[in-house]
Amino acid sequence: MPRPLGELEDAVMTRVWQWNRPVTVREVLDDLRRERPIAYTTVMTVMDNLREKGWLRREREGRAYRYEAVSTRAAYSAALMNEAWAASDNPAAALVAFFGMMSPEQTEALRDALRVAHLDDTRPGAPAEGRGSPER
């Protein structure tokens, strides 16, 4: 299970996820420097650490490496949510509290996601009786 990314790790991964292509340390550095002063070696170390943690993979290109994400931001977010939910001593209450914090836009996104996932109808191991029934 992933630990939450640190502030600089998140800034690096945000760029890698947004660009959705292999990137060099120099590209990430140049973009980060628009927001803050930062050294090349700092970005290189962060990207190598993210590779060692399994978030990035790299391939040599000439004298440099190109890094790319191993998974998506959505998968990262889902894993964090799953870990937080699993850590609760009352998962149902945690979900109710979480739903109560959601904005109307988030609530609509949840409804859309449930429609797409068809959780009630296609979940492995769900009881056969009542699948798809309107009472749900």
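Per chain, the residues get numbers from 1 upward, laid out in the order the sequence is written. Whole-chain, interface and lining totals are the exception, using all residues; otherwise, since this is a predicted model, local features are given only for residues with pLDDT of at least 70 and side-chain atom pairs are given and counted only at 80 or more. With hydrogens and water set aside, each side-chain value is computed from the structure's full complement of heavy atoms.

- The name given to the protein chain in an unreviewed UniProt entry is BlaI/MecI/CopY family transcriptional regulator, with the source organism recorded as Streptomyces chitinivorans.
- UniProt positions are given in the numbering used here, feature names are shortened, and annotations may be inferred rather than shown by experiment. According to its UniProt record, the protein chain has this under Sequence similarities (unreviewed entry): "Belongs to the BlaI transcriptional regulatory family."

### Some words on the nonpolar core
No. 1: Grouping buried Ala, Val, Leu, Ile, Met, Phe, Trp, Tyr and Cys residues that are joined through side-chain atoms within 4.5 Å yields what is termed a nonpolar core. Whether a residue is buried, partly exposed or exposed follows from its accessible area with a 1.4 Å probe, protein chains only, as a fraction of its type maximum: under 20%, in between, or over 50%, in that order. Core analysis: the biggest nonpolar cluster contains 22 residues, and Val12, Met13, Leu32, Val43, Met47 and Leu50 have the highest contact counts within it.
No. 2: Put simply, DSSP H or I for four residues or longer makes a helix, DSSP E for two residues or longer makes a strand, and each gets a number counted from the N terminus. Ranked by the residues each element gives to this core, the list is headed by helix α1 (residues 7-19), at six residues.
No. 3: Whether two residues are in contact is decided by their heavy atoms, any of which lying within 4.5 Å being enough. The residues touching leucine 32, leaving out its near neighbours within four places in the chain, are Leu8, Ala11, Val12, Arg15, Ile38 and Val43.

### Looking at the pattern of salt bridges
No. 1: What makes a salt bridge here is a side-chain nitrogen of Lys or Arg within 4 Å of a carboxyl oxygen of Asp or Glu, nothing more. This structure, assessed with the given rule, holds 15 salt bridges.
No. 2: Between aspartate 112 and arginine 115 there is a salt bridge, with its nearest N and O atoms 2.2 Å apart. Of this pair, aspartate 112 and arginine 115 are both found in helix α6 (residues 104-117), three residues apart, which corresponds to roughly one turn of the helix.
No. 3: A single salt-bridge network, built from bridges that share partners, covers Arg15, Asp31, Arg34 and Glu35.

### A short note on the packing of aromatic side chains
No. 1: Working definition: a ring pair exists when centres of Phe, Tyr or Trp rings (six-membered ring for Trp) sit within 6.5 Å. Plane angles under 30 degrees give stacked, over 60 give edge-to-face, the rest tilted. Applying the stated rule across the entire model yields five aromatic pairs.
No. 2: For the ring pair phenylalanine 98 and phenylalanine 99, a centre distance of 6.1 Å and an interplane angle of 50° mean the geometry is tilted.
No. 3: Take phenylalanine 98: its relative accessible area is 39%, and that puts it in the partly exposed class.
No. 4: Chaining the aromatic ring pairs together yields one cluster made of Trp17, Trp55 and Tyr76.
No. 5: A ring is scored as having a charge over it whenever the NZ atom of a lysine or the CZ atom of an arginine sits within 6 Å of its centre and within 35 degrees of its normal. Here arginine 58 stacks its cationic end above the ring of tyrosine 65, 3.8 Å away from the centre of that ring.

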